[in-house]
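Remarks on the overall topology
Given next are the chains, with one letter for each unit.
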Amino acid sequence: MASTSDDFIESHSKPNGIQHDEEPRQLPDRERDKGDYPEFSKFRISDRSNSNAWSSSFISRSHSTTPRSQQSSPNSSPRRRDTVFGSSSRRFTSFGRSQSSQSIFSLLLRWRLQLRTKKKAGRIWHRKGIKGLVLVIGLLALFVLFNWWMLSRLQDTGLVLKEKLFDRNSSSVQGHLRKLDKRKPLWKGIYGRMLALAAHALAEGQNKPEPKDLWVEPVVRGPSWKPCADQRSWESCEGSNGYILVSANGGINQQRVAVCNAVAIARLLNSTLVIPRFLYSSVWRDVSQFSDIYQEEHFINYLSPDIWVVKELPVELQSLDLEAIGSVVTDADVMKEAKPSFYLKHILPILHQNRVVHFIGFGNRLAFDPIPFQLQRLRCRCNFHALRFVPKIQETGALLIQRVHRHAHHVGPLDHYLVGPFAESNTKGRKSHNPKASRYLALHLRFEIDMVAHSLCDFGGGEEERKELEAYREIHFPALTLLNKTAKLPSPSALRSEGLCPLTPEEAVLMLAGLGFNRKTHIFLAGAHIYGGQSRIAALTSLYPNLVTKENLLSSSEIEPFLNFSSQLAALDFIVCTAADVFAMTDSGSQLSSLVSGYRIYYGEGRMPTIRPNKRRLASIFFKNSTIEWKQFEGRVRKAVRQTKKVHQRPIARSIYRHPRCKQCMCTD
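Residues numbered from 1 in each chain as written. Predicted model: local features only at pLDDT ≥ 70, side-chain atom pairs only at ≥ 80, totals over all residues. Heavy atoms only, no water.

Examining the overall build of the chain
For the chain, the helix and strand inventory stands at 28 helices and 13 strands. Buried positions account for 43% of the 669 residues belonging to the chain. A separation of at least 24 residues holds for 80% of the contacts in the chain among residues at least 6 apart in sequence. Of the roughly 38000 Å² that the chain leaves accessible, carbon and sulfur atoms contribute 55%. (Helix = DSSP H or I, 4+ residues; strand = E, 2+ residues; numbered from the N terminus. Buried < 20%, exposed > 50% of the residue type's maximum accessible area, 1.4 Å probe, protein only. Contact = heavy atoms within 4.5 Å. Areas by Shrake-Rupley, 256 points an atom, 1.4 Å probe, with all protein chains shown as cover.)

What to know about the sheet that holds strand β8 (residues 440–444)
The 5 strands lie next to each other as β10-β9-β8-β11-β12, forming an open sheet whose pairing is parallel. A single partner strand is all that each edge strand has here, and the edge strands are β10 (547–548) and β12 (610–611). Direction of pairing for strand β9 (residues 522–526) relative to β10: parallel, over a ladder of 2 bridges. Residue pairing for β10: phenylalanine 524 is matched across the bridge by valine 548. (Pairing = 2+ DSSP bridges.)

Remarks on unusual backbone geometry
Cis geometry is found at the peptide bond from aspartate 369 to proline 370, where omega equals -5 degrees. Mapped onto the elements, proline 370 comes out in the loop between β7 (356–361) and α13 (373–386). For glutamate 337, which is not a glycine, the phi torsion comes out positive at approximately 55 degrees. Since its relative accessible area comes to 37%, glutamate 337 is described here as partly exposed.

Digging into the state of the cysteines
Under the counting rule described, the total for this entry stands at 3 disulfides. Paired through a disulfide, cysteine 228 and cysteine 667 show a sulfur-sulfur distance of 2.0 Å. Looking down the S-S bond of the cysteine 228 and cysteine 667 bridge, the torsion is 90 degrees, so its handedness is right-handed. Placement of cysteine 228 in the loop between β1 (225–227) and β2 (243–248) and of cysteine 667 in strand β13 (residues 666–668) is noted, with a sequence separation of 439 residues between them. Looking at cysteine 228, the relative accessible area reads 1%, which means it is buried. At a sulfur-sulfur separation of 1.9 Å, the disulfide partner of cysteine 457 is cysteine 501. Sign of the S-S torsion, about -90 degrees for the bond between cysteine 457 and cysteine 501, identifies this disulfide as left-handed. (Disulfide = S-S within 2.5 Å.)

So, the nonpolar core
The nonpolar side chains of a soluble globular protein tend to be buried, and buried together. With 96 residues, the main nonpolar core has Phe299, Tyr343, Phe359, Phe389 and Ile393 as its most contacted residues. It is helix α8 (residues 252–268) that provides the largest number of residues to this core, a total of 10 residues. Ignoring sequence-local partners within four residues, the contact set of tyrosine 343 consists of Ile265, Leu268, Leu269, Val334, Ala338, Leu348, Phe359, Phe362, Arg365 and Leu366. Grouped together as the second largest cluster of nonpolar side chains are 53 residues, Leu443, Leu445, Ala513 and Ile537 included. (Core = buried A, V, L, I, M, F, W, Y, C linked by side-chain atoms within 4.5 Å.)

What to know about the confidence of the model for the chain
Per-residue confidence for the chain averages 81 on the pLDDT scale, and 73% of its residues sit at or above 70. Note that pLDDT drops below 50 for residues 1–97; the model gives that stretch 56 contacts with residues more than four away or on any other chain. Counting contacts from residues 154–185, a segment whose pLDDT is below 50, to residues more than four positions away or on other chains yields 11 contacts. (pLDDT = per-residue confidence, 0-100.)

Considering helix α25 (residues 566–578)
Given 3.6 residues per turn, any residue in an α-helix points the same way as the ones three and four places further on. For α25, which comprises 13 residues, the first-to-last C-alpha distance of 18 Å matches the rise-based estimate of 18 Å (1.5 Å per residue) to within 8%. Counting buried positions along α25 gives 12 out of 13 residues, so the element sits mostly inside the fold. Along α25, the positions that sit buried rather than exposed are Ser567, Gln568, Leu569, Ala570, Ala571, Leu572, Asp573, Phe574, Ile575, Val576, Cys577 and Thr578. (Expected span 1.5 Å × (residues − 1).)

Quick notes on the packing of aromatic side chains
For any pair of aromatic rings, the description rests on two quantities: the centre-to-centre distance and the angle between the ring planes. Going through the model one piece at a time under the given rule, you end up with 22 aromatic pairs. Ring centres of tryptophan 215 and phenylalanine 517 lie 5.5 Å apart, and the angle between their planes is 80 degrees; on these two criteria the pair is classed as edge-to-face. Of the two residues, tryptophan 215 sits in the loop between α7 (192–204) and β1 while phenylalanine 517 sits in the loop between α21 (505–515) and β9, which places them 302 residues apart along the sequence. Phenylalanine 517 shares its class with tryptophan 215; the two are buried. Look at phenylalanine 622 and phenylalanine 633: their rings are 6.1 Å apart centre to centre, the planes differ by 40 degrees, and that puts the pair in the tilted class. Of this pair, phenylalanine 622 sits in helix α27 (residues 615–622) while phenylalanine 633 sits in helix α28 (residues 630–645); the two residues are 11 residues apart in sequence, bridging distant segments of the chain. For phenylalanine 622, a relative accessible area of 5% corresponds to the buried category. Residue classification places phenylalanine 633 among the buried positions, given a relative accessible area of 1%. In this structure an aromatic cluster arises from ring pairing among Phe278, Phe290, Tyr294, Phe299, Phe384, Phe389, Tyr417, Phe574, Tyr599, Tyr602 and Tyr603. One cation-aromatic arrangement involves arginine 232 over tyrosine 302; the distance from NZ or CZ to the ring centre is 5.1 Å. (Phe/Tyr/Trp six-rings, centres within 6.5 Å; stacked < 30°, edge-to-face > 60°. Lys NZ or Arg CZ within 6 Å of the ring centre and 35° of its normal.)

Considering the pairing of β2
Here β2 lies mainly inside the structure; 6 of its 6 residues are buried. The two faces of β2 match: Tyr243, Leu245 and Ser247 on one face and Ile244, Val246 and Ala248 on the other face are all buried. For the crossover that starts at β2, traverses α8 and ends in the parallel strand β3 (residues 272–274), the hand is right-handed. Where β2 lies against β7, 6 bridges are found, and the strand directions are parallel. Residue pairing for β7: tyrosine 243 is matched across the bridge by valine 356. Pairing analysis gives 2 bridges linking β2 to strand β4 (residues 277–278), with the strands arranged parallel. Looking across to β4, one finds that serine 247 is bridged to arginine 277. (Right-handed = clockwise from strand over helix to strand, strands pointing away.)

See below:
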């Protein structure tokens, strides 16, 4: 029975957490001997065997099957039994409590020791943390002071001094430094910060390669297009319904469009075209006529299979008062981009009655769609084949192309169409000192006063600029002045955000630098008198020193025959821009830019890239000029121009002179 009780205790005592067969855990002797904890001594157990004996006796009695009354002696009373049992229970409870107290005290002791250790470690870490923090703050302060010192040195020194300015004489150095102290900032205006970033980027990238796609036209998947407007599939008209006179207004490029539209109207109405006349413009101030710019004989002969062209009216019609008989038709009488049906309904009866009609102005008075196929092709034939510049203009244009190519023996893909026999004559018998032709970019900066005033935009000139442009509008654009006074027009900032303002010279140079043209790029600047003069293009000439104009490339004797004829000077710009390796426009509404772009598409065979900026997207980029970084600016500019650089098929109702890639003007393989 005793063995059974021992097995029971052995199997159930450990799960209850009380180890009866083990001695209580003792403290180290050095701590016990010192008497640091006297209260611990009363919990000691004297003898291991006594404890086991007591436990065995208690368990044997508690698990016996004999009634409790029979286990005790006859002399024992119930009170005595209760006392004995209670005494054993108290001893058992006291022993359990002693074990629990020992475990709790041990935990408290370990916790106290750990707390002391943590406090000590915390004090050490705190001291080290303070030292580390002081060291970091000191390093940051040193870094800030060093940057401040460097910036102050840069600001004090300014631009890099050229070696020739330095002299061993200390007085001359001091004098130059005094001049530096009085100098004004190099870049002014709202784009001063961006121009400084552009100058820095161009200086750093001077010897770096340019973007690969900068000088090439993006490839558009599809068939290849070739010129074919010279192909005819109709018989020549008799011109028996009468004569058409045209007095075209505007500059040379607007007049060119009017001439080709008049050719189409003459064919539509089966009439004879008189060589067009050019009206004198108070803006352009040029008295040049058709024969001063274009070859008359070639024009007449080339179009002879299509229409009859004569140099003047028959004698019997020259004495007629055309206005009195109702044969004068102004732009007010013809809606803009009128359809062919309008001319058949309203103009043809006048021809039948009076035998002559005189169109005055005739700016954009014929729609591009819907137009009969062959009539549309005739307009292309006139623009790209029938209109050739006179030899004087061709020869000077060829000279400009040669010099902008730095006198290299180079004939471009469009030179023969532009300057005819002079493409080869200027290179015959000459030994080139530069056998490799330099590429050049032609930039048409449409920033003359007429464009600036007509746009109603603000260009940073303040009150003086506003008064000057307002006075110019009152003289040359009275209708616009009246509209500006009587109606609420969009503000200059709203016009700019919508892309309705021409790019300024500063914006143009930022666009070129953002696209990746390096500082060594040769640039031909087209245009007449830039509004603001040389000071306005200072940024352009400073960032791109290899910039030239026709006035720079020609001697005084060579340019003298053209000086008083703005249309003939514009013809020279047309030739050099069209022949350029890359052409960049700053205003898509410009007639010169539109005609140059179309000519390059028609004859360029997909190898004559043209930069057509989306001014609305560029405006959103320029508005952030005070915060945007240069790398971000480059990426956004290139993305904005990349899509417009591609050449697509002509959209419906768009100009065939600008978008000749259509079946009426060009053919596919």
